[in-house]
Amino acid sequence: TTFEPYSADVERQARAAQAGLVFNRARGSNLMAPVVGALVCWLLWNTVEHRLLIGWFVLLTMVAAWREWVHQQFVHDAGPSAARWGERYDFALFGAGFVYGLLGTVLLPRHEPATAAILLAALVAIASVAMVVLSTKLRSTLAFALPVLLPTIVVELAQGNRLSVFAGLGMLVFLSLIAAEG
């Protein structure tokens, strides 16, 4: 068997194919973002200021629309610049992760421990879905998972009480597994 020397064209095609997998696998979860957002708003309606919840929901919906727009650009321009749209999608994923990460920081109702625990579990579930959906590209997975989990990890560890430290360390272990295992 003869091996072809490294080719930039092969690398570009591989990145484009990888981007295609990410786009195809992530579309359903992206389209569900407003539904998830509505559920979160319903849960927190009597707990968090309405203006914060509405602002968060609008931001979440805008980022979902941004992700869909990038996806549509990828579909219409699937030629030589397909990999570039994949890189742009990673920025949109980071934005989505940032918005979801607000659930574990700004919107976390510390005065209601049961609700706070549910939200922390929801954040881990959201990161878990991303790990599965985006598993074909580690960069995409981390672009989403880091801003979802890292701010919450910092806040939980800074709280210093036993339960918060446990939650922070548990999420740190999970984030480490995502980074190590993809």
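In the block above lies the structure referred to throughout.
In this report, we go over the structure that sits alongside the text. (Residues numbered from 1 in each chain as written. Predicted model: local features only at pLDDT ≥ 70, side-chain atom pairs only at ≥ 80, totals over all residues. Heavy atoms only, no water.)

A closer look at the side chain of aspartate 90
Then comes step 1: Along the chain, the position of aspartate 90 falls in helix H4 (residues 82–101).
Then comes step 2: Of note is the side chain of aspartate 90, whose polar atom sits 2.9 Å from the side chain of arginine 139.
Then comes step 3: Not counting residues up to four positions away in its chain, the partners in contact with aspartate 90 are Lys137, Arg139, Ser140 and Ala143. (Helix = DSSP H or I, 4+ residues; strand = E, 2+ residues; numbered from the N terminus. Polar contact = N/O pair within 3.5 Å; in protein donor to acceptor, adjacent residues only side chain to side chain. Contact = heavy atoms within 4.5 Å.)

Things to note about the layout of surface pockets
Then comes step 1: The volume enclosed by the largest pocket comes to roughly 380 Å³.
Then comes step 2: Together, 18 residues line the largest pocket, and Ala117, Leu120, Glu156, Leu163 and Ala167 are the ones closest to its centre.
Then comes step 3: Those elements that place two or more of their residues in the lining of the largest pocket are helix H5 (113–133), helix H6 (138–159) and helix H7 (162–181).
Then comes step 4: The element contributing the most residues to the lining of the largest pocket is H7, with seven residues.
Then comes step 5: The residue makeup of the lining of the largest pocket, split by class, is 12 nonpolar, four polar and two charged.
Then comes step 6: Taken as a whole, the second largest pocket holds about 220 Å³ of empty space.
Then comes step 7: Along its surface, the second largest pocket is lined by 15 residues, and Ser29, Tyr100, Ile126, Val129 and Phe144 are the ones closest to its centre.
Then comes step 8: Residue assignment for the lining of the second largest pocket shows that the elements contributing at least two residues are helix H1 (8–31), helix H2 (33–44), H4 and H5.
Then comes step 9: Sorting elements by how many residues they give to the lining of the second largest pocket places H5 first, with five residues.
Then comes step 10: Classifying every residue of the lining of the second largest pocket gives 12 nonpolar, two polar and one charged. (1 Å grid on protein atoms, 1.4 Å probe; cavity = no way out; pocket = protein on both sides within 12 Å on 5 of 7 lines; lining within 4 Å. Points joined across faces, edges and corners; volume = space filled by probe spheres on them. Nonpolar A, V, L, I, M, F, W, Y, C, P; charged D, E, K, R; others polar.)

A word on a nonpolar patch on the surface
Then comes step 1: A contiguous nonpolar patch, built from Met32, Val35, Leu39, Trp42, Leu43 and Ile118 and spanning about 630 Å² of accessible area, is present on the exposed surface.
Then comes step 2: Looking at which element gives the most residues to the nonpolar patch, the answer is H2, with four residues.
Then comes step 3: With respect to the secondary-structure elements, isoleucine 118 resides in helix H5. (Patch = residues over 30% accessible without salt bridge, like charges linked within 9 Å, V, L, I, M, F, W, Y side chains within 5 Å. Areas by Shrake-Rupley, 256 points an atom, 1.4 Å probe, with all protein chains shown as cover. Salt bridge = Lys/Arg side-chain N within 4 Å of Asp/Glu carboxyl O.)

The analysis is restricted to geometry; functional conclusions fall outside its scope.
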